[in-house]
Amino acid sequence: MIKIQDGLQKPLPMPDGDTAVFWNGLREGKLLLQHCLDCQSVHYYQQGICRQCGSQRLEHRAASGRGTVHSYSVVHRAPGRAFKDDTPYAVLLVKLEEGPHMISSLVDGDPEKVDFDMPLQLVCEKLSDEVTLPRFRPA
Ligand SMILES: [Zn+2]
């Protein structure tokens, strides 16, 4: 869930009951993925049952933090005033080592040098006491 405060502030995710474990993990520097104990599939989006087999036997495990660029887009025109100072920046579709894909963005690297299959490393960026965002830097 995203809360839009006003045009000058970036929207922040709002942890709720379903995603509290995930956000707590990020605060401790861990990107938690859900592993199905029945079919072994791995999920990024938090859910109550396995999307593959319907099992409720899901277990959180920390991702390695390694991934690659599956796709990307370099943003030159900010979507709002709050993002004006960030441009250009790269929005990434990251393929995690464990299999799932997730949307994130690049830190500590030149957005113009992002390329397909570029190796990435997770960076947990603390924004507030409640919210730490999973972002990625070149590995
Ligand atoms: Zn399953």
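Structure: above.
Being a predicted model, the structure only gives us computed values, none of them experimental.

Some points on the overall build of the protein
Here is step 1: Secondary structure summary: the protein contains 1 helix and 10 strands in total.
Here is step 2: Along its sequence from the N terminus, the protein presents helices and strands in the succession β-β-α-β-β-β-β-β-β-β-β.
Here is step 3: For 139 residues, the compact-globule estimate of 2.2 N^0.38 gives 14 Å, and the C-alpha radius of gyration of the protein, at 16 Å, lies within 12% of that figure.
Here is step 4: Along the first, second and third principal axes, the C-alpha atoms of the protein reach 45 × 35 × 25 Å.
Here is step 5: Counting every position in the protein, which comprises 139 residues, the buried fraction comes to 34%.
Here is step 6: By element, 49% of the accessible surface of the protein is carried by carbon and sulfur atoms, the whole surface being about 8300 Å².
Here is step 7: In the protein, the 16 positive side-chain charges and the 18 negative ones have mean positions that sit 1 Å from each other.

Considerations on the layout of surface pockets
Here is step 1: Roughly 970 Å³ of volume is contained in the largest pocket.
Here is step 2: As for the largest pocket, its lining consists of 32 residues, and the residues nearest its centre are I103, S104, S105, L133 and P134.
Here is step 3: Listing elements by their share of the lining of the largest pocket, those giving two or more residues are strand 2 (12-13), helix 1 (20-27), strand 7 (89-96), strand 8 (101-105) and strand 10 (132-138).
Here is step 4: By residue number, the principal contributor to the lining of the largest pocket is strand 8, which donates 4 residues.
Here is step 5: Partitioning the lining of the largest pocket into residue classes produces 22 nonpolar, 5 polar and 5 charged.

Concerning the sheet that holds strand 6 (residues 66-75)
Here is step 1: In spatial order, the strands read 8-7-6-9-10; together these 5 strands make up an open sheet with antiparallel pairing. Of all the strands in the sheet, just strand 8 and strand 10 have a single pairing partner and so form its edges. Between one strand axis and the next, the sheet turns by 40 degrees as a mean value, whatever way the strands run.
Here is step 2: The pairing of strand 7 with strand 8 spans 5 bridges and is antiparallel. Residue pairing in the sheet places K95 in a bridge with H101 of strand 8.
Here is step 3: Of the strands in this sheet, strand 9 (119-126) and strand 10 are in contact with helix 1, which crosses strand 10 at around 55 degrees.

Brief notes about unusual backbone geometry
Here is step 1: Put simply, T87 and P88 share a cis peptide bond, and its omega is -10 degrees.
Here is step 2: With respect to the helices, strands and loops of the structure, P88 is situated in the loop between strand 6 and strand 7.
Here is step 3: Even without a glycine there, the phi angle at Q40 is positive, about 70 degrees.
Here is step 4: For Q40, the position within the fold is in the loop between strand 3 (32-36) and strand 4 (42-43).

Definitions and cut-offs
- Residues numbered from 1 in each chain as written.
- Predicted model: local features only at pLDDT ≥ 70, side-chain atom pairs only at ≥ 80, totals over all residues.
- Heavy atoms only, no water.
- Helix = DSSP H or I, 4+ residues; strand = E, 2+ residues; numbered from the N terminus.
- Rg over C-alpha atoms; globule rule 2.2 N^0.38 Å.
- Buried < 20%, exposed > 50% of the residue type's maximum accessible area, 1.4 Å probe, protein only.
- Areas by Shrake-Rupley, 256 points an atom, 1.4 Å probe, with all protein chains shown as cover.
- Lys, Arg positive; Asp, Glu negative; His and termini not counted.
- Charge placed at Lys NZ, Arg CZ, Asp CG, Glu CD.
- 1 Å grid on protein atoms, 1.4 Å probe; cavity = no way out; pocket = protein on both sides within 12 Å on 5 of 7 lines; lining within 4 Å.
- Points joined across faces, edges and corners; volume = space filled by probe spheres on them.
- Nonpolar A, V, L, I, M, F, W, Y, C, P; charged D, E, K, R; others polar.
- Pairing = 2+ DSSP bridges.
- Axes fitted to C-alpha atoms, helices over the stretch in contact; angles between N-to-C directions.
- Contact = heavy atoms within 4.5 Å.

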